[in-house]
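Topology and contacts: notes
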Amino acid sequence: MNELQITKGSDNIFADLGFDAEEAQNLLLRSQTMAVISKWFADSGLTQAAAAKSLGLTQPRMNQLLKGKIGEFSLDALVNMATRAGMRVGLTIRPIAGVKAKAAKKTELRQPRPRQIA
């Protein structure tokens with residue numbers, strides 16, 4: 001009989017799926033914001049068209065949000081929608097225990113070339 005192996009996941013499903021740390025964090029924030037906006041819609045009793053109008057969207061765009069089309073929405077756009085829905089959006093940033101910051105590669109800043117005016 002085969003044994004079932006269970007691996008405990010992290011707090012970020014996107015990291016568990018193999019996305020790099022930056023993309024995983026961005027996807028997590030976007031998905032959380034989309035879920036809150038979707039719940040707002042479900043609790044509002046509004047039609048998709050009315051909800052879309054109040055969020056500054058078209059109805060098809062609202063439908064994309066409700067279907068979880070995460071790739072169609074930037075975090076910035078989602079924050080704007082949540083604000084229009086009457087929510088206060090915050091962001092908490094704190095260090096991850098045991099993780100050291102990566103040293104930045106030293107890069108030289110290029111000086112802009114002077115423009116010639118004819």
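Scoring rules and cut-offs
- Residues numbered from 1 in each chain as written.
- Predicted model: local features only at pLDDT ≥ 70, side-chain atom pairs only at ≥ 80, totals over all residues.
- Heavy atoms only, no water.
- Helix = DSSP H or I, 4+ residues; strand = E, 2+ residues; numbered from the N terminus.
- Buried < 20%, exposed > 50% of the residue type's maximum accessible area, 1.4 Å probe, protein only.
- Contact = heavy atoms within 4.5 Å.
- Areas by Shrake-Rupley, 256 points an atom, 1.4 Å probe, with all protein chains shown as cover.
- Lys, Arg positive; Asp, Glu negative; His and termini not counted.
- Salt bridge = Lys/Arg side-chain N within 4 Å of Asp/Glu carboxyl O.
- Polar contact = N/O pair within 3.5 Å; in protein donor to acceptor, adjacent residues only side chain to side chain.
- Phe/Tyr/Trp six-rings, centres within 6.5 Å; stacked < 30°, edge-to-face > 60°.
- Core = buried A, V, L, I, M, F, W, Y, C linked by side-chain atoms within 4.5 Å.
- Axes fitted to C-alpha atoms, helices over the stretch in contact; angles between N-to-C directions.
- Parallel < 35°, antiparallel > 145°, perpendicular 65-115°, else oblique.
- Nonpolar A, V, L, I, M, F, W, Y, C, P; charged D, E, K, R; others polar.
- Expected span 1.5 Å × (residues − 1).

Turning our eyes to something else, we now look at the overall build of the protein chain. The helix and strand inventory of the protein chain stands at five helices and zero strands. Along the chain direction, N to C, the helices and strands of the protein chain fall in the order α-α-α-α-α. Relative to its full complement of 118 residues, the protein chain shows a buried share of 19%. In the protein chain, once contacts between residues fewer than 6 apart in sequence are set aside, the share between residues at least 24 apart is 46%. As displayed, the protein chain offers around 10300 Å² of accessible surface, 54% of which is attributable to carbon and sulfur atoms.

Quick look at the side chain of Arg 30 now. Within the secondary structure layout, Arg 30 lies in helix α2 (residues 21-44). Here Arg 30 is buried and forms no salt bridge, its nearest opposite-charge partner Glu 23 lying at an N-O distance of 4.3 Å. Side chain to side chain, Arg 30 and Asn 26 meet in a polar contact 2.8 Å long. Apart from residues lying up to four places away in sequence, Arg 30 is in contact with Glu 23, Ile 70, Gly 71, Phe 73, Ser 74, Leu 75 and Leu 78.

Counting across every chain of the model gives one aromatic pair. Each ring, one from Phe 14 and one from Phe 19, has its centre 6.2 Å from the other, and the planes form 70°; the classification is edge-to-face. Accessibility expressed as a relative area gives 38% for Phe 19, which makes it partly exposed.

Looking now at the nonpolar core. Ile 37, Leu 55, Met 62, Leu 65, Leu 78 and Met 81 are the most contacted members of the largest nonpolar core, which totals 20 residues. Within the residue set of this core, elements represented by two or more residues are α2, α3 (48-55), α4 (59-66) and α5 (75-84). For this core, the leading source of residues is α2, giving seven residues. In this structure Met 62 touches Phe 41, Gln 48, Ala 51, Ala 52, Leu 55 and Leu 57, once residues within four positions along its chain are discounted.

Here α3 crosses α4 at 95°, and the two axes come no closer than 8 Å. With respect to α4, the element α3 is oriented roughly perpendicular. Between α3, through Gln 48, Ala 49, Ala 51, Ala 52 and Leu 55, and α4, the contact on the second element is made entirely by Gln 59, Met 62, Asn 63 and Leu 66.

To continue, consider the packing of α2 against α4. One can describe the packing of α2 onto α4 by two numbers: an axis separation of 9 Å at closest approach and a directional angle of 115°. Together, Met 34, Ile 37, Ser 38 and Phe 41 of α2 and Met 62, Leu 65 and Leu 66 of α4 make up the contact between the two elements. When the residues that make up the contact of α2 with α4 are grouped by side-chain class, the tally is six nonpolar, one polar and no charged.

With that settled, the discussion passes to α2. The terminal C-alpha atoms of α2 lie 35 Å apart, and with 24 residues this matches the ideal 34 Å at 1.5 Å per residue to within 8%. Within α2, burial applies to Ala 24, Leu 27, Leu 28, Arg 30, Thr 33, Met 34, Ile 37, Trp 40 and Phe 41. For α2, the secondary structure elements touched by its buried residues are α1 (13-16), α3, α4 and α5. At the N-terminal end of α2, a side-chain oxygen is found 3.2 Å from the backbone nitrogen of Glu 22, two or three residues along, and the residue is Asp 20. Where α2 ends, the next residue or the one after it, Gly 45, has phi of about 75°, a positive value.

As far as function goes, none of this settles anything; it's purely spatial.
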